Amino acid sequence: MIDLDPLWLTFKLALIVTMILFLIAVPLAYWLAYSKSRFKTIAEVIVTLPLVLPPSVLGFYLLIAFSPENIFGKFLDHYFNLRLVFTFQGLIIASVIYSLPFMVNPILAGLKNLPASLKEASFTFGKSRFTTLTKILLPNIRASLLTGIVMTFAHTIGEFGVVLMVGGSIPKETRVVSIALYDEVESMNYHNANIYALILFVFTFLILLGVYLVNNRNHKTSLL
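Residues numbered from 1 in each chain as written. Predicted model: local features only at pLDDT ≥ 70, side-chain atom pairs only at ≥ 80, totals over all residues. Heavy atoms only, no water.

Novice: Summarise the overall build of the protein chain; cite the residues concerned and give the values.
Specialist: Counting its secondary structure elements, the protein chain contains eleven helices and zero strands. Start at the N end of the protein chain and walk to the C end: the helices and strands fall as α-α-α-α-α-α-α-α-α-α-α. Taking the contacts inside the protein chain whose residues are at least 6 apart along the sequence as the reference set, 72% of them involve residues at least 24 apart. (Helix = DSSP H or I, 4+ residues; strand = E, 2+ residues; numbered from the N terminus. Contact = heavy atoms within 4.5 Å.)

Novice: Describe in detail the nonpolar core, supporting the description with residues and values.
Specialist: Leu 13, Val 104, Ile 107, Leu 111, Ile 141 and Val 176 are the most contacted members of the largest nonpolar core, which has 31 residues in total. Of all the secondary-structure elements, those providing two or more residues to this core are helix H1 (5-34), helix H2 (40-52), helix H5 (88-113) and helix H7 (129-137). Discounting chain neighbours no more than four positions away, the residues touching Ile 141 are Ile 107, Gly 110, Leu 111 and Leu 114. Membership of the second largest hydrophobic core comes to ten residues, among which are Leu 62, Leu 84, Tyr 98 and Val 166. (Core = buried A, V, L, I, M, F, W, Y, C linked by side-chain atoms within 4.5 Å. Buried < 20%, exposed > 50% of the residue type's maximum accessible area, 1.4 Å probe, protein only.)

Novice: Residues and numbers for the packing of H1 against H2, please.
Specialist: Contact pair H1 / H2: the axes reach a minimum separation of 10 Å and the direction vectors enclose 135°. Classified by the interaxial angle, the pair formed by H1 and H2 is oblique. Handedness of the H1/H2 crossing: left-handed. Along the contact surface, H1 presents Leu 28, Trp 31 and Leu 32, while H2 presents Lys 40, Ala 43, Glu 44 and Val 47. Partitioned by chemical class, the residues of the contact of H1 with H2 number five nonpolar, no polar and two charged. (Axes fitted to C-alpha atoms, helices over the stretch in contact; angles between N-to-C directions. Parallel < 35°, antiparallel > 145°, perpendicular 65-115°, else oblique. Left-handed = near helix turned anticlockwise from the far one by under 90°. Nonpolar A, V, L, I, M, F, W, Y, C, P; charged D, E, K, R; others polar.)

Novice: Can you tell me about the side chain of Lys 40, naming the residues and giving the values?
Specialist: With respect to the helices and strands, the residue Lys 40 is situated in helix H2. We note that Lys 40 is buried and unpaired, the nearest opposite charge coming from Glu 44 at a distance of 5.0 Å. A distance of 3.2 Å separates a polar side-chain atom of Lys 40 from the backbone oxygen of Ser 35. The contact partners of Lys 40, leaving out residues within four places of it in the chain, are Trp 31, Leu 32 and Ser 35. (Lys, Arg positive; Asp, Glu negative; His and termini not counted. Salt bridge = Lys/Arg side-chain N within 4 Å of Asp/Glu carboxyl O. Polar contact = N/O pair within 3.5 Å; in protein donor to acceptor, adjacent residues only side chain to side chain.)

Novice: Mind laying out the packing of H1 against helix H8 (residues 142-157), listing which residues take part and the relevant values?
Specialist: At their nearest, the axes of H1 and H8 sit 8 Å apart, and the two run at 140° to each other. Our pair here, H1 against H8, has a crossing hand that is right-handed. Touching Thr 10, Phe 11, Leu 13, Ala 14, Leu 15, Val 17, Thr 18, Leu 21 and Phe 22 of H1 are Leu 145, Ile 149, Thr 152, Phe 153, Thr 156 and Ile 157, all from H8. Among the residues making up the contact of H1 with H8, the classes are represented as eleven nonpolar, four polar and no charged.

Novice: So what's going on with the environment of Gly 90? Which residues, and what values?
Specialist: Here Gly 90 is to be found in helix H5. Expressed as a C-alpha distance, the spacing of Gly 90 and Ile 141, which sit 51 residues apart in the sequence, is 32 Å. Discounting chain neighbours no more than four positions away, the residues touching Gly 90 are Phe 66, Leu 84 and Val 166.

Novice: Lay out the packing of aromatic side chains in plain terms, naming residues and giving numbers.
Specialist: As enumerated under the stated definition, the model contains ten aromatic pairs in all. Taking the centre distance of 6.4 Å and the plane angle of 25° together, the rings of Phe 11 and Phe 153 count as stacked. Separated by 142 residues along the polypeptide, Phe 11 in helix H1 and Phe 153 in helix H8 bring together distant segments of the chain. On the accessibility criterion, Phe 11 (30% relative accessible area) is partly exposed. A residue is classified by how much of its surface remains accessible, and Phe 153, at 17% relative accessible area, is buried. Residues Phe 160 and Tyr 182 carry aromatic rings whose centres are separated by 5.2 Å and whose planes lie at 55° to one another, so their mutual orientation is tilted. Pair noted here: Phe 160 is in the loop between H8 and helix H9 (161-167) and Tyr 182 is in helix H10 (residues 177-186), with a separation of 22 residues, a long-range link. Members of the aromatic cluster, connected to one another through ring pairs, are Phe 11, Phe 153 and Phe 203. The cationic tip of Lys 12 hangs over the ring face of Phe 88; the distance from NZ or CZ to the ring centre is 4.9 Å. When the ring centre of Tyr 34 is taken as reference, the NZ or CZ atom of Lys 119 above it lies at 4.7 Å. (Phe/Tyr/Trp six-rings, centres within 6.5 Å; stacked < 30°, edge-to-face > 60°. Lys NZ or Arg CZ within 6 Å of the ring centre and 35° of its normal.)

Structural data, given as structure tokens:
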């Protein structure tokens, strides 16, 4: 019988990270889509960096940054009594950074594909930027929003390198499914490892299948 705690912890982490990233990604994607700032290109590179950076590299630098032995970690520990190394809170922050492009990029692509006249017409009628974003733009990129949400959730569930570096393998605290799978393989308990792997595979397949079905249906509806 497998330990169910890693499953609960993984879905809890994925849900929290997805909600946080949605709140961050929507205004960030809007700024990247329409801003003319000279720093936009740098921001785009930073957002995309976790896609190409090895997870162990990102996890290592986050581990160093979060450590109480360094300035940032010492500041959090001294003034907020908050430790991010080998804690669930640390996993949340690390996962938010690592999964950022999976939420931002689909939303950014959706906004860029909208006709510029849509936003201009809203401004012409005196609508604010916030109203334009929430009432005009976002409803027209529902497929992109769904893709970002699902991809972020699925990616967080499958994280390994970053969560291993930052969180380790502490039961009921940082031992998510991917770590539990690794531990079972190291212990040569292939039966439990297979169960964890199968759960991850089936769940990821089903949610991706759902996204493609919904997006294809919306695409066909828009053509009618």
